[in-house]
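Residue strings, one per chain:
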Amino acid sequence: MPEMPGKPRGMSLVSLNGLTVTYGGNTVLSGVSLKIQEGEIVTVVGPNGSGKSTLLRSVIGALKPSGGSVTRTPHLRIGYVPQKLHIDPTLPLTVRRFLSLPVRVSDTRASEALEQAGAGNLAARQMSGLSGGQFQRVLLARALLSNPQLLILDEATQGLDQPGSAAFYQQIEKVRQEIGCAVLMVSHELHVVMAASDRVVCLNGHICCEGAPEHVASAPEYRALFGTGTQGALALYRHEHNHSHDHDCGHDHGRQHEAAE
Amino acid sequence: MTLLDDFLIRAALAGIGVALAAAPLGCFVVWRRMAYFGDATAHASILGVALALSFDVSIFAGVLATALAMATTVSALAGRGYAMDTLLGVLAHSSLAFGLVAVSFLSGVRIDLMAYLFGDILAVGRGDLAVIWGGAALVLALLWWRWSALLTATLNPDLAHAAGIDPRREQMVLTLALALVVAVAIKVVGVLLIAAMLLIPAAAARPFAATPERMAAIAALLGMLAASGGLQLAFVFDTPAGPSIVCLAAALFAASSAAGVVLQSHRR
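Every value quoted in this text rests on a predicted model; they were computed, and no experiment measured them. (Residues numbered from 1 in each chain as written. Chains lettered and ligands numbered in written order. Predicted model: local features only at pLDDT ≥ 70, side-chain atom pairs only at ≥ 80, totals over all residues.)

*Asks:* I tried to follow the overall build of chain A on my own but got confused; where do I start?
*Replies:* Along its length, chain A carries 10 helices and 9 strands. Counting the 261 residues in chain A, one finds 40% classified as buried. At a minimum sequence separation of 6, the contacts of chain A that also span at least 24 residues come to 70%. (Helix = DSSP H or I, 4+ residues; strand = E, 2+ residues; numbered from the N terminus. Buried ≥ 20, exposed ≤ 12 C-beta atoms within 10 Å, placed from the backbone. Contact = placed C-beta atoms within 7 Å.)

*Asks:* What should I look at first to understand the overall build of chain B in this one?
*Replies:* Counting secondary structure elements, chain B contains 11 helices and 0 strands. Reading the helices (α) and strands (β) of chain B from amino to carboxyl end gives α-α-α-α-α-α-α-α-α-α-α. For chain B, the C-alpha atoms occupy an extent of roughly 60 × 45 × 35 Å along the three principal directions. Taking the intrachain contacts of chain B between residues at least 6 apart in sequence as the baseline, contacts between residues at least 24 apart amount to 75%.

*Asks:* I'm lost on the nonpolar core in this one. Help?
*Replies:* Ranked by internal contacts, the top residues of the largest apolar core, which has 171 residues, are A:Ile152, B:Val18, B:Val181, B:Val182 and B:Ala185. Considering every element that reaches this core, the biggest residue donor is helix H1 (residues 7-31) of chain B, with 16 residues. Apart from residues no more than four positions distant in its own chain, B:Val18 is found in contact with B:Ile132, B:Ala136, B:Val184, B:Ala185, B:Val188, B:Met197 and B:Ala227. (Core = buried A, V, L, I, M, F, W, Y, C linked by C-beta atoms within 7 Å.)

*Asks:* Is there a simple way to think about the interface of chain A and chain B in this case?
*Replies:* Quite often, the size of an interface is put as the accessible area lost when its parts meet. Contacts between chain A and chain B engage 19 residues on the former and 20 residues on the latter. At the level of secondary structure, the elements contributing two or more residues to the side of chain A that touches chain B comprise helix H1 (52-60) and strand S5 (78-81) of chain A. Its residues assigned to classes, the side of chain A that touches chain B shows 12 nonpolar, 4 polar and 3 charged. (Nonpolar A, V, L, I, M, F, W, Y, C, P; charged D, E, K, R; others polar.)

*Asks:* What is the right way to read helix H4 (residues 132-144) of chain A from this model?
*Replies:* All names here are of chain A. The end-to-end C-alpha distance of H4, which contains 13 residues, comes to 19 Å, matching closely the 18 Å that a straight helix rising 1.5 Å per residue would cover. Buried residues dominate H4, accounting for 11 of its 13 residues. By the burial criterion, the buried members of H4 are Gly-133, Phe-135, Gln-136, Arg-137, Val-138, Leu-139, Leu-140, Ala-141, Arg-142, Ala-143 and Leu-144. (Expected span 1.5 Å × (residues − 1).)

*Asks:* Even after reading the chapter, I still don't get the packing of helix H2 (residues 35-55) of chain B against helix H3 (residues 59-77) of chain B, so can you show me in this structure?
*Replies:* All names here are of chain B. Packing of H2 against H3 brings their axes to within 7 Å, and their N-to-C directions diverge by 135°. With respect to their mutual orientation, H2 and H3 come out oblique. For the crossing formed where H2 meets H3, the hand is right-handed. Judged by residue contacts, Phe-37, Ala-40, Thr-41, Ala-44, Ser-45, Leu-47, Gly-48, Val-49, Leu-51 and Ala-52 of H2 engage Ile-59, Ala-61, Gly-62, Val-63, Ala-65, Thr-66, Ala-67, Met-70, Ala-71 and Val-74 from H3. In terms of residue class, the contact of H2 with H3 is built from 15 nonpolar, 5 polar and no charged. (Axes fitted to C-alpha atoms, helices over the stretch in contact; angles between N-to-C directions. Parallel < 35°, antiparallel > 145°, perpendicular 65-115°, else oblique. Left-handed = near helix turned anticlockwise from the far one by under 90°.)

*Asks:* Looking at this model, I keep getting lost on the pairing of strand S9 (residues 207-211) of chain A. Mind explaining?
*Replies:* Successive residues of a regular strand alternate their side chains across the two faces of the sheet. All names here are of chain A. Strand direction decides the pairing type here: strand S8 (residues 199-203) and S9, joined by 4 bridges, are antiparallel. Considered in S9, the bridge of Cys-202 is made with Cys-209. Linking two consecutive strands that pair antiparallel, namely S8 and S9, is a turn of 3 residues; a positive phi of about 80° is found at Gly-205 within it. (Pairing = 2+ DSSP bridges.)

*Asks:* Quick question: what am I supposed to make of the sheet that holds strand S2 (residues 26-37) of chain A here?
*Replies:* Hydrogen bonding along the main chain pairs the strands of a sheet, whether they run parallel or antiparallel. Residues and elements named next belong to chain A. Here we have 3 strands laid out as an open sheet, ordered S2-S1-S4, and antiparallel in their pairing. The sheet terminates laterally at S2 and strand S4 (67-72), the two strands that pair on one side only. Within this sheet the neighbouring strands show an average axis-to-axis angle of 15°, counted without direction.

*Asks:* Help me understand the environment of A:Gly67 in this model?
*Replies:* All names here are of chain A. Counting through the fold element by element, Gly-67 comes out in strand S4. Taking the C-alpha atoms as reference points, Gly-67 and Ser-30, 37 residues apart in sequence, are found 8.2 Å from one another. Sequence-distant contacts of Gly-67, defined by excluding residues within four places in its chain, comprise Gly-18 and Thr-20.

*Asks:* What is the right way to look at the environment of A:Val44 in this model?
*Replies:* Residue and element names in this part refer to chain A. Along the chain, Val-44 falls in strand S3 (residues 41-45). For the pair Val-44 and Arg-57, spaced 13 residues apart in sequence, the C-alpha separation works out to 13 Å. Excluding anything up to four places from it in sequence, Val-44 contacts Lys-52, Leu-55, Val-186, Val-201 and Leu-203.

*Asks:* Looking at this model, I keep getting lost on the environment of A:Leu203. Mind explaining?
*Replies:* All names here are of chain A. Position of Leu-203 among the secondary structure elements: in strand S8. Each C-alpha atom of the pair Leu-203 and Ser-69 lies 18 Å from the other, and the pair is 134 residues apart in sequence. Those residues within four positions of Leu-203 in sequence are excluded, and the remaining contacts are Val-44, Val-45, Gly-46, Ser-50, Gly-51, Lys-52, Leu-55 and Cys-208.

Shown next as structure tokens:
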């Protein structure tokens, strides 16, 4: 696959070493080892209750590991897009004000981030009045303010319809191209994820398998978890790739190449 | 300082001081759905009054200590198999009951229980004023200092973590501010009505605010209006002062809700 221009690879931003997390007697994660390199997109897939969110929350430091370790690069800038953010209707909050939490940002920086996230005209709106797609874009804009080295998304497209989440992932991909950050995300929408990711990690309390999207999709561990039904989705995606390949359009299909090869 | 010789002026200043601190803090109580938490902390303070009287320490210190103890107990017990509202209900009412029983053990001390339950704003002295304004200033300073972190933690604990803010610490800041407000407000509105001074101005401010800061400012204004206006009403109609303040606050809330409905339909 084509490398990101000017992006040195090989330095890990976060490394989990035999991470084990227990919640009230239940072991949610056991012996998870994972490294996230600069500029790569890593997607964690797994059934409900497989510990995906726990993994992300350990990475940002919201959970203390009960075993193993989480090592972050010193002064790592993380942009976090939470799974869902319930904003209490009693809390008045404009999009612009939301972006200045907790660190005040200039109007220029705020509109830049909104533009980058595809939410350019929303600054004056109330957070509680946004649609699902608009809300996620605002969350993305907020995560971009810190000029993150690592963007973390927790089921960021939950509640969006199919075109909505596809558009959102395209936005993420575009953002990654622009600022060259690594992306760590958790998702259910396997075919969209597969297309965009450098590496897929299949999680069910422990890492069942990991690797390039194509490798994981055909791994027996993955099939045992998700069945073969997703093959259809992957095929659908492949079809799109072949199609675009035929008429030599200018935009980048690099990542899709990898998935299909 | 001849001005402060007038008990009505002292009472008005006391009420305004409490409202000034209680209303912005009340916004957090509203946003975080901590209404019962505020209630429980306030109710526990009657136990603090009893303890302060029996150990001969200042009421302010006794109330502050029990309110803090109450709040930390609730935080510690939360999520251990009881729903929050059950836990708060148990603790609030039992501490009120224990407080009332403890007060009855105090022989030789003549205390007017009503003054602590419903406040005794007309008896506010210069020393009380100093405590009230000192406490209010401390609460406002705390909120000012932690404002952004508090808002972020209120919005979402994980967002706070990602920004390097410890939500539990912010919770402790709010707990401390709440205990302070309870301790200074007990003289003004009494333990049973403190939660009203927290909640009602904040709720009344909601329809007119587009940002959290504006909501806190409007709540403070409405709170001060309720405190001074309620006192005047109490003087004119010869009604109990603390409840009159809360009645006026409630009337402001009703008016603002109605105005909010009109605003909403205009926007559509």
